[in-house]
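So the chains spell out like this:
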Amino acid sequence: MTHAAPAHKRILLKLSGEALMGDDSFGINRGTIERMVEEIATVTRVGVQVAVVIGGGNIFRGVAGGSVGMDRATADYMGMLATVMNALALADAMDKQGLTARVMSAIAIEQVVEPYVRPKALQYLEEGKVVVFAAGTGNPFFTTDTAAALRGAEIGAEVVLKATKVDGVYTADPFKDPEATRYTQLSFDEAISRNLGIMDATAFALCRDQKLPVRVFSIVKHGALLRVVMGEDEGTLVYA
Ligand SMILES: Nc1ncnc2c1ncn2[C@@H]1O[C@H](COP(=O)(O)OP(=O)(O)OP(=O)(O)O)[C@@H](O)[C@H]1O
Ligand SMILES: O=c1ccn([C@@H]2O[C@H](COP(=O)(O)O)[C@@H](O)[C@H]2O)c(=O)[nH]1
């Protein structure tokens, strides 16, 4: 019996922090994180190397702190620490399901997680471990989407898979505009010029310049991650 080969050997999976909340209004929903890890496990089983960048929107966003009068850079460091918490929870859930995860942080926090060192991350991926990149880029005024573009380019990922609550890129935010329609594909230039809020322009521009395609898909939809990895039609492709 022949089995189809995955379309990608190495992926950078950007997991939305907000999606970790499930139906809760804050934090990490246990059942939700376990289901996400099950989806990740299915793609490791077909031999795909998986690196993850996790967001922090379920706990803290710098813009929220800034909007109530906090120093923006301080608020952004809080946001980055929120992603470290999510990364630890994700790695713990992975270990419980038999995956071997390594968390690497962009900011020094060595008693908690090891620092990001590119050759070490590449070694872990070759060994079949799942690498979880925490603390975004390590710099304020950026987002974890930009960290996904950056780390994706650094590790030679073939694609950035943005796993979120919506099943692709729409003409407008589908939670705000019920008339919005989904693209099956669009170019980075179109996404940037139309100001589509699914990903920030810095992240799109970096992926465009590095010719690193992005696929946006729903992590809530069972089996969607595996279908994406197997090259099936799922979500929206953003290309250079
Ligand atoms: N044009 C659009 N198409 C699809 N979704 C859009 C669009 N504009 C805005 N959105 C919104 O963007 C959200 C995706 O954001 P997501 O939570 O994945 O990113 P994030 O801000 O990086 O997350 P987090 O900080 O929680 O990790 C969707 O839930 C959707 O409501
Ligand atoms: O490179 C980065 C990445 C993130 N931040 C801060 O963290 C929060 C959470 O990240 P999300 O991408 O929104 O999930 C973000 O709002 C920033 O405040 C950062 O400063 N630098």
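For the protein, the name recorded in an unreviewed UniProt entry is Uridylate kinase, with Comamonas endophytica as its organism. Here the protein is described in UniProt, under the heading Catalytic activity (unreviewed entry), as follows: "UMP + ATP = UDP + ADP". Quoted verbatim from the Pathway (unreviewed entry) field of the UniProt record, the comment on the protein reads "Pyrimidine metabolism; CTP biosynthesis via de novo pathway; UDP from UMP (UMPK route): step 1/1."

A. Just the site of ligand 1, in detail. If you check the shell around ligand 1, you find 22 residues, and the closest are Lys14, Gly17, Glu18, Arg61 and Thr164. One of the backbone N or O atoms of Gly57 is found 3.4 Å from an oxygen atom in ligand 1. Contact with the protein chains hides 87% of the accessible area of ligand 1, taken as 650 Å² for the molecule alone. Taken together, the residues of the shell around ligand 1 break down into eight nonpolar, eight polar and six charged.

B. Up close: the site of ligand 2. In the vicinity of ligand 2 there are 17 residues, among which Gly62, Asp76, Thr137, Asn139 and Thr144 approach most closely. Contact distances for ligand 2 include 2.8 Å between an oxygen atom and a backbone N or O atom of Gly56. Met80 has a polar backbone atom sitting 3.4 Å from an oxygen atom of ligand 2. If you tally residues by element for the shell around ligand 2, the top one is helix H3 (residues 72-96), at three residues. Residues belonging to the shell around ligand 2 are distributed by class as follows: five nonpolar, 10 polar and two charged.

C. Summary view of the nonpolar core. Grouped together as the largest cluster of nonpolar side chains are 41 residues, with contacts concentrated most on Leu13, Leu15, Val52, Leu90, Met94, Leu161 and Phe217. Of all elements in the fold, only strand E1 (10-15), helix H1 (30-45), strand E2 (49-54), H3, strand E3 (101-105), strand E5 (130-134), strand E6 (159-164) and helix H8 (224-229) reach the threshold of two or more residues within this core. The biggest single contributor to this core is H3, with eight residues. Setting aside residues no more than four positions away along its own chain, Val52 makes contact with Leu13, Leu15, Leu90, Met94, Val130, Val131, Val132 and Phe133. In terms of nonpolar packing, the next biggest core, distinct from the first, is built from 33 residues, Ala51, Leu125, Ala149 and Ala191 among them.

The rules behind the values
- Residues numbered from 1 in each chain as written.
- Chains lettered and ligands numbered in written order.
- Predicted model: local features only at pLDDT ≥ 70, side-chain atom pairs only at ≥ 80, totals over all residues.
- Heavy atoms only, no water.
- UniProt positions renumbered as here; feature names shortened; annotations may be inferred.
- Near = heavy atom within 4 Å.
- Polar contact = N/O pair within 3.5 Å; in protein donor to acceptor, adjacent residues only side chain to side chain.
- Areas by Shrake-Rupley, 256 points an atom, 1.4 Å probe, with all protein chains shown as cover.
- Nonpolar A, V, L, I, M, F, W, Y, C, P; charged D, E, K, R; others polar.
- Helix = DSSP H or I, 4+ residues; strand = E, 2+ residues; numbered from the N terminus.
- Core = buried A, V, L, I, M, F, W, Y, C linked by side-chain atoms within 4.5 Å.
- Buried < 20%, exposed > 50% of the residue type's maximum accessible area, 1.4 Å probe, protein only.
- Contact = heavy atoms within 4.5 Å.

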